[in-house]
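Read off the chains here:
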Amino acid sequence: MALPNDSDLPFSLLQFYATAPYVCSYLPAKRARSLVATPSHLINTEVYGELVRKGFRRSGVFTYRPQCDGCQACVPVRLPVDLFQANRSQRRSVRMHAGMLARELPLRFCDEHFALYQRYQAARHAGGGMDQDSHEQYTHFLLQSRIDTRLIEFSASGVVRMVSILDVLSDGLSSVYTFYDPDVQPASLGTYSIVWQIAQCVANHLPYLYLGYWIRDSRKMAYKAGFRPLEGLLAGQWRDLQGHPAMPAGSTQCAVPETMHG
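Overview of the structure.

A closer look at the state of the cysteines
Then comes step 1: Scanning the entire structure with this criterion turns up zero disulfides.
Then comes step 2: With no disulfide partner, Cys24 has as its closest neighbouring cysteine sulfur the one in Cys74, 6.1 Å distant.
Then comes step 3: Its relative accessible area of 13% is what places Cys24 among the buried residues.
Then comes step 4: Cysteine Cys74 shares no disulfide, and the gap to the nearest cysteine sulfur, in Cys68, comes to 5.9 Å.

Okay, here's the thing in structure tokens:
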């Protein structure tokens, strides 16, 4: 993927540098490297939207994209929401969780959310490092933002079951991170959160839901291939991934759920 054209504002004000190699968190046998956009205080919602369309993501105020030596496994992906096709498990998740209340809350620290985050990391990502995150690390990761970011809390019977962090761009929503109650059975909250985000895009006339990176050989990323039709940023162009040799075949179209308002 090419760098943004630095002759065009606001990219003329940004600098890009590559990090030192580090252990890849998705493909442990690989060494990763990131391309970082700086300075972070110049990356507002408009600039960040342009960067997302060129394959960048953010973690807190850190904006990056993979630039690994000899590896291009990370494919930026997005979903054209008006063409969304859901499979049987996605439809089932809508039926099971559609009664949850979703409400937007200020982007600030909440003890109840942090406790849920810790339980989620311990159950789903034990040993991955994030299960040891401190109050400060959690805050830096999810609650620091210089762009239009929304915190959505999902609850059932007055109990918080899930939290999603979303960035609002001019052409869509960017799904930053979702964590949920690992004890809820059956465990389909993560699927439901994406279907809910698709519904929000549709309701707000936003054409795309950006889902970060899809990695063919990473089990952590496999779920993204189940949302159809999926587009990937390949050789600098967004292209339909239908027919990609690693994409599973077959899905059935259905409507997205009713939008929810807090």
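Things to note about the pattern of salt bridges
Then comes step 1: One pass over the full model with this rule turns up 12 salt bridges.
Then comes step 2: Where Glu231 meets Arg78, a salt bridge forms, and the shortest distance between an N and an O atom there is 2.8 Å. Taken as a pair, Glu231 in strand E13 (residues 231-234) and Arg78 in strand E7 (residues 74-80) lie far apart in primary sequence, 153 residues in all. As far as burial versus exposure is concerned, Glu231 and Arg78 are alike and both buried.
Then comes step 3: Where Asp217 meets Arg216, a salt bridge forms, and the shortest distance between an N and an O atom there is 3.2 Å.
Then comes step 4: The exposed category is assigned to Asp217, whose relative accessible area is 52%.
Then comes step 5: One network of salt bridges, in which partners are shared, links Arg119, Arg161, Asp181 and Asp183.

Here we look at the sheet that holds strand E8 (residues 101-105)
Then comes step 1: Pairing in this open sheet of eight strands is mixed, and the strands run E8-E9-E10-E11-E12-E7-E13-E14 from one edge to the other. Strand pairing shows two members of the sheet lacking a second neighbour, E8 and strand E14 (237-240), which therefore form its edges. Averaged over all pairs of adjacent strands, the angle between strand axes in this sheet comes to 35°, irrespective of strand direction.

Remarks on the side chain of Ser218
Then comes step 1: Take Ser218: it is sitting in the loop between strand E12 (208-215) and E13.
Then comes step 2: Aside from chain neighbours lying at most four places away, what touches Ser218 is Tyr26 and Leu27.

Brief notes about unusual backbone geometry
Then comes step 1: Here the bond from Thr38 into Pro39 is cis, since omega is -5°, no more than 30 degrees from zero.
Then comes step 2: Along the polypeptide, Pro39 turns up in the loop between strand E4 (34-38) and helix H1 (45-52).
Then comes step 3: Residue Arg228 is joined to Pro229 through a cis peptide bond whose omega torsion reads -10°.
Then comes step 4: Positive phi outside glycine occurs at His205, with the angle close to 55°.
Then comes step 5: Looking at the secondary structure, you find His205 in the loop between helix H5 (189-203) and E12.

Some thoughts on the packing of aromatic side chains
The description of an aromatic ring pair uses the distance of the two centres, along with the angle that the planes make with each other.
Then comes step 1: Under the counting rule described, the total for this entry stands at 18 aromatic pairs.
Then comes step 2: Taking 6.2 Å as the distance between ring centres and 75° as the angle between the ring planes, the aromatic pair formed by Tyr138 and Phe179 counts as edge-to-face. Of the two residues, Tyr138 sits in helix H4 (residues 135-143) while Phe179 sits in strand E11 (residues 172-180), which places them 41 residues apart along the sequence. Neither Tyr138 nor Phe179 differs from the other in exposure class; each is buried.

Reading guide: rules and limits
Within every chain, residues take consecutive numbers counted from 1 along the sequence as written. Where local features are concerned, this predicted model is filtered to residues with pLDDT of at least 70; where side-chain atom pairs are given and counted, the filter is 80 or more; whole-chain, interface and lining totals use all residues. The basis for every side-chain value is the complete set of heavy atoms in the structure, and neither hydrogens nor water enter the calculation. The disulfide definition used here is simple: a pair of cysteine sulfur atoms within 2.5 Å. We call a residue buried when its accessible area falls under 20% of the maximum for its residue type, exposed when it is over 50%, and partly exposed in between, using a 1.4 Å probe and counting protein chains only. In what follows, salt bridge is the name for a side-chain nitrogen of Lys or Arg lying within 4 Å of a carboxyl oxygen of Asp or Glu. Segments assigned H or I by DSSP are reported as helices when at least four residues long, segments assigned E as strands when at least two residues long, and all are numbered from the N terminus. Strands are treated as partners if at least two bridges between them are detected by DSSP. Throughout, an axis means a line fitted to C-alpha atoms (over the contacting stretch in the case of helices), and angles, computed between N-to-C directions, take values from 0 to 180 degrees. Residue contacts are defined here by distance: any two heavy atoms, one from each residue, within 4.5 Å place the two residues in contact. Here a Phe, Tyr or Trp ring, Trp counted by its six-membered ring, pairs with any other such ring whose centre lies within 6.5 Å, and the pair is stacked when the planes are under 30 degrees apart, edge-to-face when over 60, and tilted otherwise.

Keep in mind these values describe shape, not function.
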